[in-house]
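# Tertiary structure, described
For reference, the chains in residue letters:
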Amino acid sequence: MDKILTCLHRFLILIKRLLRKPGFVAILLTVPLLVAAMGIVGKNADSGIVTIALAMQDSEDETACAVVDDLAQNSRLISFILCDTPADAHALVEQGDVDAAWIFPADMSQKIHKFTQHMHHNNAFVAVVQREDSVMLRLSHEKLNAALYPHLSRTLYKSYVTANLTLSELNAEQLDEYYTAVNADGADVFRLVYAASQQTANDADTNYLLAPMRGLLAVMITLGGFAVAMFYMQDEARGTFDRLPANRRFVFSLSYHAASVVCVALAALLALFITGLSVSFVREMAAMVLYCVITVGFCVALRLICRDIRLLGALMPALAVGMIVVCPVFLNIPIPFVGYLLPPYYYLNAIYDPIWLLYMVIYAAVIYALDYALFRIGTRL
Amino acid sequence: MKRALTYTRLQMARMARYAPFVIAITLIICICLGAALYALIQGNDQSAENTKFAVGIVGEFENDMLGLGISAIKSMDSSQYTLDILELDEQTAAEMLRRREIIGYAVIPDGFVEAAMSGNVGHIDFVTNQNGIDLTTMFKQELLDMISRILVESQDGVYAMQDIILENKVDVSKYMHHTNTLMASYVSMILSRSSALDCQIIGISDELSFGGYMFSGLSVLLMLLCGITCCPLFIRRDMALPKLLGANRCSSAAQIFGEYISYLCLTILNMLPLTVLLMLFSGGAAVLIPELDGMGVGGALVIFVKFIPAVLAVTALQFLLYELTDSVVSGVLLQFICAIGLSYISGCFYPISFFPKGIQLLSDLTPSGIARSYLSALISGGECGGKLAALIAYTAVLLGLAALTRHRRIKNA
C-alpha cells in the first residue's frame, strides 16, 4: 500500500512539474476552447459539402417553386444558393463559386407531364451545369431526383388514371385528393443502424465539421506522449536521472510519460464533453484510460527504439500524418495491418465497439512486454 | 554584422547535423505515400475522386422479385455509376464492413417484397460503421431518404389508383392488370429518372481540379507539421546563451535571423523531394492533378521554387511559436495544435468551400490560408501577386514578433 501511495505521490509531483508552467496550462486550456468554437460554428453555420446554385426560368412557376423550397428545406450536406436568373447561376459555376447549377424551366408541370409520357433524354427538363463530373456531384443528382420525384409520381398516376380508367366524372383536383389521401406510411423504410452498437443513427451524427475532432484529439494525445519522450531524453542527457537506481528507471520512465499523456487526455476529454461529442461517461472514461495506457507504452517503445532525439523529432510529423491517414480520422482507407500498430486506431474503434477495449488490453500487454525487453537490452548495452 | 554572420554559419552547421535524419524520414514518407497511392489507384483502376462506393445487400436472393430488382438496379439504374452493389450473406457483409471494404449493407427481411406488393412496407436496416465519417460515406443518409421517398410516392400513386377502381366501380377484374401496369410504369420511371436531367459539364477553366486543390492543401499541412521536428533544437529552457550573445553585440534580431535562415534551408531541403516526387507522380503516372499532366522534373522544380514564399511565411510562423514556449512538451503540443487548427480552417483537409463563410474569411487572413490559396493559384496558373505580397508581409511581421519575444525573454532572464 505504501509503495502504491509513494508511486502516486511521485506521479502527482511529475504532473505538478508540468502544470507549474503557465504556457503548458494555457495550451491545454486552448484545446477545449478551440474545439468548442468549432462545435458552435459547425452546428449553427450554413455550409455544405457541395454548393449548388438554383435558378428558375419563371420565378412564378408553382412546381419549380415547390421543388426549390423542398431542396432548400431538406438539405444537410448540400448548400444551396438561390439565383435571380439562370444566367447568374451559370456565371457562378464558371467563376468556380459553386460546384453546379440546377436550372428549372418555365411551365415545369407541362414538361414533367411530357417526360412521364416518354422518359428519355430528349424530354429532360432540368438543366444541370457543372464544372466537372465527380461522385459527389453525381450523388447530389439523387437529391434533385428525390425532390422531383413526388411531382413525377403524381403526374404519372394522374396520366395513367385519365388514360386507362375512363372516369370522366373525376377531375384533376379529385385525382389529387385520392393521391393525397393515401399518404402511405414509409418515411422510415430505411433505418440507419450502427454495426457495433446496433443503435439507430440520427441526423446529428453527420456533422462533418465536427466528425474528425475525436480523431485529431486522439492524435494530439499521442503527440503529447512523443513530446514528453523528447523531454525525457533531454533530461536523461543532462544527467537528471543519474541518482535513480537502474532497476527503478523503467517504472519511473512510464510514470514520467504518463504525467503528460494524462494532462493532455484530460483536456481532450473536456473538449469532447463540452462539444457533446462524447458517447457515454463510462465508455469515454474506459476508452480514455486504456488509450492513455497504450499511448504511454507506444511512446516509451519508440523512445527506446530511436534512442536519438533528432530521429524521434524527425519521426513525429511522419507519425502524425500516418495516424491521421491510417486511423479513421478524415478518411476511411482500408490499409491492412498498419492501423493495428497505432494507438489511435484502437481508441477510435473502441468508442463505438466495446470489443476493441479488449484489443487495447492485449495491445497493452504486448507493448509493455516489448518496452521491458527494449529497456533490458538498453541497460545491457 | 560579422558576429551575426558567424552565428548564422554556426546555426547552419548545427542544422546540417540534423538534416540527414529529417530528409531520410521525408524520403521514407515519399516512398510510403507513393506506394499507397499507387496501390489504391491500381486497385480501383481509376482516380480516387471517381471511386465508386461498395454497398452490400443481404436478403433472400432465391426470391425472384428481389433478385430481379437487384439485377435491374445493377444494370439499368443510374446508381450503377456511383454504387457497386454486392449480394452477400450477413456474416460476410459484417466482416467486409469491419474491414471497410463496403460502406454499409442493407438487410432486406424475409418476405419484404411480397409484403410490399400487398401494401405493407416493412423496415430495411442499413447497417454501417459509426466511426470514421468521411466525405464518401456522408451521403448515406441522404441516399436512404431518397430511396424511401421514391418508394412512398410510388406507393401513393398505385394505392390511389386502386382506391379509385374500388370506389368508382371500375371493372374490378382488371384490378391486378392496372396495378401491374402502373407499377411497371413506376419502375420504368425510377430507372429513367436521370433522363430528366440535362447535364452539361463546362470544364474546370482556370479553376483548380479537386486533385490540384488537395495537393496544395496537403503541402501546407506537411509544411506546418514539419515544425514539430525542430522543437528540441529551437525551444530554449534557459536564456544564458542568447543573453551572452546579446552582450556580445549579436542582437535578438540577428540571432533570430541566423536561426531562422538555417531552419528555412532545412525546411526547403525537406520539402523538395516530397513535393517534386508528388508533383511528378500525381501529374504523370496517376493523373490525379490534371494541371500537372505531362510535367517533367524541370517543370516541377520551377513550381517548387515558386512555392518558397509560402514556405517563408509558414516557417516564420513556426519560428514565432518556438519563441513563445520554453519546454519541448509545450512546444510540440503548440506546434501540433496550430498545425492542425490552421490546416483545418485553411481548407487543407476539406475543400474550403465546405466551410461557413465566416471560416472562409478567417482562412483568407491566416498565413496558412494565404499559403494554401497561393499554391492553388500557382498550380492553376491563376493570379497570385496579392497573395505573394501578403505572404512576404506576414513573414516580416512574424519574424519581427519573434525577435521582440526573444528580446523580452533575454531581458527577463
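Summarised in this report is the structure supplied together with it. In this text the structure is predicted, and so the values were computed from the model without any measurement.

In terms of helices and strands, chain B carries 15 helices and five strands. Within chain B, contacts between residues separated by at least 24 positions form 74% of all contacts whose residues are at least 6 apart in sequence. Roughly 17300 Å² of accessible area belongs to chain B as shown, and the carbon and sulfur atoms make up 65% of that amount.

Turning next to the packing of helix α11 (residues 297–324) of chain B against helix α12 (residues 328–345) of chain B. All names here are of chain B. Put simply, α11 and α12 touch, their axes get as near as 10 Å, and they point 145° apart. Of the two possible hands of crossing, α11 and α12 adopt the one that is right-handed. Residues Leu317, Gln318, Leu321 and Tyr322 of α11 pack against Leu334, Gln335, Cys338 and Leu342 of α12. Per-class residue counts for the contact of α11 with α12 are six nonpolar, two polar and no charged.

Opposite the 135 residues of chain A that make contact, chain B presents 119 residues. In total, chain A and chain B occlude about 11600 Å² of area from one another, counting both sides; carbon and sulfur atoms represent 68% of this. On the surface where chain A and chain B come into contact, there are one salt bridge. Between A:Glu142 and B:Arg193 there is a salt bridge whose closest N-O contact spans 3.0 Å. The biggest single contributor to the side of chain A that touches chain B is helix α6 (residues 135–164) of chain A, with 22 residues. Classifying every residue of the side of chain A that touches chain B by side-chain character gives 86 nonpolar, 28 polar and 21 charged. Bridging between strand β4 (residues 126–130) of chain A and strand β5 (residues 197–201) of chain B involves five bridges; their strand directions are parallel. If you follow A:Gln130 over to β5(B), its bridge partner there is B:Ile201.

Residues A:Ile355, A:Leu358, A:Tyr359, A:Val361, A:Ile362 and A:Val366 make up a contiguous nonpolar surface patch of roughly 520 Å² in combined accessible area. Looking at the secondary structure, you find A:Leu358 in helix α13 (residues 355–380).

Attention now moves to the nonpolar core. Generally speaking, nonpolar side chains in soluble globular proteins are found buried as a group. Membership of the largest hydrophobic core comes to 236 residues, with the highest contact counts inside it found for A:Trp102, A:Phe104, A:Leu148, A:Tyr157, A:Leu223 and A:Tyr347. The element contributing the most residues to this core is helix α8 (residues 213–238) of chain A, with 16 residues. Sequence-distant contacts of A:Leu148, that is, excluding residues within four places in its chain, are made with A:Val67, A:Phe104, A:Met108, A:Phe125, A:Val126 and B:Leu197.

Side chains of residues three or four places apart in an α-helix project in the same direction, reflecting 3.6 residues per turn. Residues and elements named next belong to chain B. Over its 18 residues, α12 extends 25 Å from the first C-alpha to the last, a length consistent with the 26 Å expected when each residue adds 1.5 Å. For α12, the tally of buried residues reaches 16 of 18 residues, placing the bulk of the element in the interior. Phi turns positive, to about 80°, at glycine 347, one or two residues after α12.

Next up on the list: the pairing of strand β1 (residues 53–58) of chain B. Residue and element names in this part refer to chain B. With six of its six residues buried, β1 lies for the most part within the structure. Burial along β1 is two-sided: the residues Phe53, Val55 and Ile57 and Ala54, Gly56 and Val58 are all buried. For β1 and strand β3 (residues 104–107), the ladder comprises four bridges, and the chain directions are parallel. Bridge pairing in β3 links valine 58 to valine 107.

The strand order across the open sheet formed by five strands is β2(A)-β1(A)-β3(A)-β4(A)-β5(B), and the pairing between neighbours is mixed. Pairing within the sheet leaves two strands with one partner each, and these edge strands are β2 (78–82) of chain A together with β5 of chain B. Looking at each pair of strands side by side, their axes are set apart by 25° on average, direction ignored. Both strand β3 (residues 100–104) of chain A and β4(A) contribute to a ladder of four bridges, which runs antiparallel. When the bridges of β4(A) are listed, A:Ala101 appears paired with A:Val129. Its contacts with the sheet place helix α4 (residues 86–95) of chain A against β1 (50–56), β2, β3 and β4 of chain A together with β5 of chain B, and it is angled at close to 160° to β1(A).

With that settled, consider the pattern of salt bridges. Within this structure, the stated rule accounts for ten salt bridges over all chains. For A:Arg154, the salt bridge is made with A:Asp176, and the minimal N-O distance between the two is 3.1 Å. Linking A:Arg154 in helix α6 with A:Asp176 in helix α7 (residues 172–182), this pair joins segments that are 22 residues apart in sequence. We classify A:Asp176 as partly exposed; its relative accessible area is 23%. Where A:Lys158 meets A:Asp176, a salt bridge forms, and the shortest distance between an N and an O atom there is 3.3 Å. In this pair, A:Lys158 is assigned in helix α6 and A:Asp176 in helix α7, connecting sequence segments 18 residues apart. In this structure A:Lys158 comes out as partly exposed when scored by relative accessible area, which is 22%. It is possible to trace a salt-bridge network through shared partners that takes in B:Arg236, B:Glu259, B:Glu323 and B:Arg406.

Attention now goes to unusual backbone geometry. Residues and elements named next belong to chain A. Unusually for a residue other than glycine, aspartate 107 sits at a positive phi of about 55°. Structurally, aspartate 107 can be placed in the loop between β3 and α5 (108–117). For arginine 307, which is not glycine, the phi torsion reads 60° and is therefore positive. Here arginine 307 is to be found in the loop between α10 (281–306) and α11 (309–326). Taking relative accessible area as the criterion, arginine 307 reaches 46% and is therefore assigned partly exposed.

All names here are of chain B. Along the polypeptide, arginine 406 turns up in helix α15 (residues 385–412). Note on arginine 406: relative accessible area 0%, which makes it buried. A distance of 2.8 Å separates the side chain of arginine 406 from the side chain of glutamine 255, its partner in a polar contact. Apart from residues no more than four positions distant in its own chain, arginine 406 is found in contact with Arg236, Met239, Pro242, Ser252, Gln255, Ile256, Glu259 and Glu323.

Our next topic: the environment of A:Thr379. Residue and element names in this part refer to chain A. Tracing the backbone shows threonine 379 in helix α13. By relative accessible area, which is 45% here, threonine 379 ends up partly exposed. It is 37 Å that separates the C-alpha atoms of threonine 379 and alanine 26, two residues lying 353 residues apart in sequence. Here arginine 376 takes part through its backbone oxygen, which lies 2.8 Å from a polar atom of the side chain of threonine 379.

Here the focus is the packing of helix α7 (residues 210–225) of chain B against α12(B). Residues and elements named next belong to chain B. Direction vectors running N to C along α7 and α12 enclose 165°, while the axes themselves pass 9 Å from each other. Taken as axis vectors, α7 and α12 run roughly antiparallel relative to one another. Classified by chirality, the crossing of α12 by α7 is right-handed. Contacts between α7 and α12 involve Leu221, Leu224 and Leu225 on the former and, on the latter, Gln335, Phe336, Ala339, Ile340, Leu342 and Ser343. Tallied by class, the residues present in the contact of α7 with α12 amount to seven nonpolar, two polar and no charged.

Each value, and the rule that gives it
Residues numbered from 1 in each chain as written. Chains lettered and ligands numbered in written order. Predicted model: local features only at pLDDT ≥ 70, side-chain atom pairs only at ≥ 80, totals over all residues. Heavy atoms only, no water. Helix = DSSP H or I, 4+ residues; strand = E, 2+ residues; numbered from the N terminus. Contact = heavy atoms within 4.5 Å. Areas by Shrake-Rupley, 256 points an atom, 1.4 Å probe, with all protein chains shown as cover. Axes fitted to C-alpha atoms, helices over the stretch in contact; angles between N-to-C directions. Left-handed = near helix turned anticlockwise from the far one by under 90°. Nonpolar A, V, L, I, M, F, W, Y, C, P; charged D, E, K, R; others polar. Buried area = accessible area lost by both parts, 1.4 Å probe. Salt bridge = Lys/Arg side-chain N within 4 Å of Asp/Glu carboxyl O. Pairing = 2+ DSSP bridges. Patch = residues over 30% accessible without salt bridge, like charges linked within 9 Å, V, L, I, M, F, W, Y side chains within 5 Å. Core = buried A, V, L, I, M, F, W, Y, C linked by side-chain atoms within 4.5 Å. Buried < 20%, exposed > 50% of the residue type's maximum accessible area, 1.4 Å probe, protein only. Expected span 1.5 Å × (residues − 1). Polar contact = N/O pair within 3.5 Å; in protein donor to acceptor, adjacent residues only side chain to side chain. Parallel < 35°, antiparallel > 145°, perpendicular 65-115°, else oblique.

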